[in-house]
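Structure at a glance
Single-letter residue listing:
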Amino acid sequence: MSAVEKFLVALAMTESDGSVRAWGDEVKGLPMAFGAFQTHLCWLWQYSGEYGISPGVDESVDAFQRRVIAAFYRARCQVMSPAAIALEFHLGHRGTPADAPVYVARFAENLRRV
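Attention here is on the structure that accompanies the text. (Residues numbered from 1 in each chain as written. Predicted model: local features only at pLDDT ≥ 70, side-chain atom pairs only at ≥ 80, totals over all residues. Heavy atoms only, no water.)

Where helix H4 (residues 82-91) is concerned, the buried positions are Ile85, Ala86, Leu87, Glu88 and Phe89. Of the residues flanking the end of H4, it is Gly92, one or two places downstream, whose phi is positive at about 90 degrees. (Buried < 20%, exposed > 50% of the residue type's maximum accessible area, 1.4 Å probe, protein only. Helix = DSSP H or I, 4+ residues; strand = E, 2+ residues; numbered from the N terminus.)

Along the chain, Ser16 falls in helix H1 (residues 3-16). For Ser16, a relative accessible area of 12% puts it in the buried group. Look past the residues within four positions of Ser16 in its chain and what remains in contact with it is Ala22, Gly35, Ala36 and Gln38. (Contact = heavy atoms within 4.5 Å.)

Let us look at the pattern of salt bridges. This structure, assessed with the given rule, holds 8 salt bridges. Asp17 is the salt-bridge partner of Arg106, the closest N and O atoms lying 2.3 Å from each other. Linking Arg106 in helix H5 (residues 101-113) with Asp17 in the loop between H1 and strand E1 (23-24), this pair joins segments that are 89 residues apart in sequence. Among the residues examined, Arg106 registers a relative accessible area of 34% and is labelled partly exposed. According to the relative accessible area criterion, Asp17 is exposed, its value standing at 53%. Through salt bridges with shared partners, one network takes in Glu5, Asp62 and Arg66. (Salt bridge = Lys/Arg side-chain N within 4 Å of Asp/Glu carboxyl O.)

Printed below as a string of structure tokens:
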């Protein structure tokens, strides 16, 4: 399994226990995050545009999310650790492990298990 695939598996397990049907981050009773990676639509819009990635006609949302998140990972993996990339993904901005220590520990454990 490649480094990017290990990252994707660990990230999905950390965000939703790997459930492609997960919904979360409710605002006024409506879910804002969806899928195994719990992405927000605005995040997908921003980064798919940044990386020039468009969804295919027959592509699942999960497959599209995976392609965008893989590009997000590849753009950072030469200068950031997988845990730091996951934390930036989770927070929506760069942070330190102290910003979300439980999340960082859970991601590290999931990455170790992959």
